[in-house]
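# Results of the structural survey
If you want the building blocks of each chain, they are given just below.
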Amino acid sequence: ALALLAGGVAHWLAGGRTALRLAVIAGALLVALGIPAATGVRLPQAYLAASGLLVDFAEGRGATLSAVRAEDELQLRIDRLWQGSDRKNHQIMAAHLPALVHGDPQDVLVIGVGVGQTAGRFLMHGVERLDCVDIEPAVFPFIARNYPAASLQHERVTLVPEDGRTFTAHTDRRYDIVSVEVGQIFRPGVDVFYTQEFYREAAALLKPGGLVAQFVSLAFFGEAEFTAVVRTFLEAFPHAQLWYNTQELLLIGSPRALPRLDPALLAEGGLPARVAADLEWSQWGGVEHRLARPGALLGGFLVGGEDLVRMTKDGAVYSDGRPVLAYATAGVRAREHREERLVPRLRQALSPFALAVGDTTALAPQTLALAHRTRDLNLRDIVATGYLDDAVAGAVHGSGEPATPQQILAQLQQGVRINPENFHGWFNGGKALLLMRQPAAAIAPRRRAAQLRPADALA
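Predicted model, so just to flag it, every value in this text is computed and none were measured. (Residues numbered from 1 in each chain as written. Predicted model: local features only at pLDDT ≥ 70, side-chain atom pairs only at ≥ 80, totals over all residues. Heavy atoms only, no water.)

## A word on unusual backbone geometry
The phi torsion of most residues other than glycine is negative, and most of the peptide bonds are trans. Positive phi is not limited to glycine here, since Asp79 has a value of about 50°. Secondary-structure assignment places Asp79 in the loop between β3 (73–78) and β4 (81–85). (Helix = DSSP H or I, 4+ residues; strand = E, 2+ residues; numbered from the N terminus.)

As structure tokens, then:
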């Protein structure tokens, strides 16, 4: 509109016959008004919902927020990047795991709210004060009207519209847990939550026995970046553990000795009732691998103690003064599947479960057996997910090029060969065969999907 106005003024001032000038300006306005009507384009709606159905959007102080219905979930996208959904996902473990490791958190700080899945789960552990910090003020009212985030209205919750680094540098509050959930590493400004300066600020906020938890997204890290991120974390939190949580691993650390899981929690019926009910869920598997089962929960533990130190001893230390991580991850895309190259390194460094739980002799043999089996499948699933995600996106694995139906089916089948208990692989494999008009062949994978998740109505 401003360009048309400027052009019209310039054309008028250029002189010439008045009638001709008016006709040109009127014609330009009619064409401009006709383009949206002719193409059906609505801005910014069409841009924000390039894939899916736009339900709501808001212009924030520093970002655009949109609620987009895609497949069977309502996704929160910030600047068109996924930040959560209305379906339970791996974000809940950023609360449950550190809370269970700590044992009795009373004061918790969450940096990066998303749709509130992490923050809401901390309330299940009986915290007395929950501070939720997010740099975008618009996120709080936006998720309140679009997502099941009623827990954020609880009297024990304080919503803080502030930059996380500013808050940690200047607050005088002290916490049992600081949970950092700030989004994809390649987003501008996220790299500063992986530096030694930030970790020192976070460590200074901890009460005695306090800990920090943070996502480490393998898909966007090469070996050097992954090693450096963990090494930098260990500089401030030398007592640390690395847990599986899909391709976004979870680092938990403390300046002092890190508490270990109470063996009583890993007995049948040992989890608090609300927590156990919420953990009747698995990132990828069926009933056997629901995290309410003690063995499946313990199977998420990967590396800790001196094993974690040895694994990352050659890593660099990131600092605010040299934004190496920001440049190293700026052009990285998930389709590169860097996580596949990191899994062998994790396998070589696996720690005994005794580093995660106080007394493994108190655990039932079947619990430990399930823990070992689940840990193996967790690592397999990091690789399998790459094939499954590419297949669902209709892309050739590792290249992003469009895939044929046969290639899509082959990738789904490869995913379930790597992890034979991945529900999504079997379910989508059956779907692909149905779309290829092979209903008889679709029966077996759909039956397997239904065995893994009997309560899934679509399966």
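## Digging into helix α17 (residues 423–435)
Residue pairs three or four apart in sequence face the same way in an α-helix, which turns once every 3.6 residues. Relative to the 18 Å expected for 13 residues at 1.5 Å per residue, α17 spans 19 Å between its end C-alpha atoms, a close match to the ideal helical length. Every buried residue belonging to α17 is among Phe423, Gly425, Phe427, Gly429, Gly430, Ala432 and Leu433, and all of these are buried. Those residues of α17 hidden inside the fold are in contact with α15 (365–392), α16 (405–418) and α18 (439–452). (Expected span 1.5 Å × (residues − 1). Buried < 20%, exposed > 50% of the residue type's maximum accessible area, 1.4 Å probe, protein only. Contact = heavy atoms within 4.5 Å.)

## Points about helix α2 (residues 18–39)
Counted at 1.5 Å a residue, the expected span for α2 with its 22 residues is 32 Å, and the 32 Å between its end C-alpha atoms agrees. At the exit of α2 stands Gly40, carrying a positive phi of roughly 75°.

## A closer look at the sheet that holds strand β2 (residues 64–70)
The 4 strands are arranged β1-β2-β3-β4 in an open sheet whose pairing can be described as antiparallel. In this open sheet, the two edge strands, each paired with only one partner strand, are β1 (53–59) and β4. Strand-to-strand twist of the sheet, defined as the mean angle between neighbouring strand axes without regard to direction, takes the value 25°. Pairing between β2 and β3: 6 bridges, direction antiparallel. Pairing of Leu65 across the sheet is with Ile78, part of β3. Packed onto the sheet, helix α6 (residues 139–146) meets β1, β2 and β3 and runs at close to 155° relative to β1. (Pairing = 2+ DSSP bridges. Axes fitted to C-alpha atoms, helices over the stretch in contact; angles between N-to-C directions.)

## Describing empty space enclosed by the protein
In this approach the atoms are scanned with a rolling probe the size of a water molecule, which exposes any empty space left behind. Applying the stated criterion to the full structure yields 1 cavity of 30 Å³ or more. Approximately 90 Å³ is the volume attributed to the largest cavity. If you go around the largest cavity, you meet 14 residues; those closest to its centre are Tyr244, Gln283, Leu291, Ala296 and Gly300. Here the lining of the largest cavity is built from residues that sort into 8 nonpolar, 6 polar and no charged. (1 Å grid on protein atoms, 1.4 Å probe; cavity = no way out; pocket = protein on both sides within 12 Å on 5 of 7 lines; lining within 4 Å. Points joined across faces, edges and corners; volume = space filled by probe spheres on them. Nonpolar A, V, L, I, M, F, W, Y, C, P; charged D, E, K, R; others polar.)

## A closer look at the packing of helix α14 (residues 339–349) against α15
Here α14 crosses α15 at 170°, and the two axes come no closer than 9 Å. By the angle between their axes, α14 is roughly antiparallel relative to α15. Residue-level inspection shows Glu339, Glu340, Val343, Leu346 and Arg347 of α14 in contact with α15, the latter providing Asp376, Leu379, Arg380, Ile382, Val383, Gly386 and Tyr387. (Parallel < 35°, antiparallel > 145°, perpendicular 65-115°, else oblique.)

## Some remarks on the packing of α17 against α18
Look at α17 against α18: their axes get within 8 Å of each other, and the N-to-C directions meet at 160°. Between α17 and α18, the interaxial angle falls into the category roughly antiparallel. For the crossing formed where α17 meets α18, the hand is left-handed. Note on element contacts: α18 touches α17 through Pro439, Ala441, Ala442, Pro445, Arg446, Arg448, Ala449 and Leu452, opposite Phe423, Trp426, Phe427, Gly429, Gly430, Lys431, Leu433 and Leu434. (Left-handed = near helix turned anticlockwise from the far one by under 90°.)

## A short note on a nonpolar patch on the surface
On the surface, a cluster of nonpolar side chains totalling about 660 Å² of accessible area is made up of Leu2, Leu5, Val9, Trp12, Leu13 and Leu22. Among the elements that line the nonpolar patch, the one with the most residues is helix α1 (residues 2–13), at 5 residues. Its place among the elements puts Leu2 in helix α1. Residue Leu2 is classed as exposed on the basis of its relative accessible area of 71%. (Patch = residues over 30% accessible without salt bridge, like charges linked within 9 Å, V, L, I, M, F, W, Y side chains within 5 Å. Areas by Shrake-Rupley, 256 points an atom, 1.4 Å probe, with all protein chains shown as cover. Salt bridge = Lys/Arg side-chain N within 4 Å of Asp/Glu carboxyl O.)

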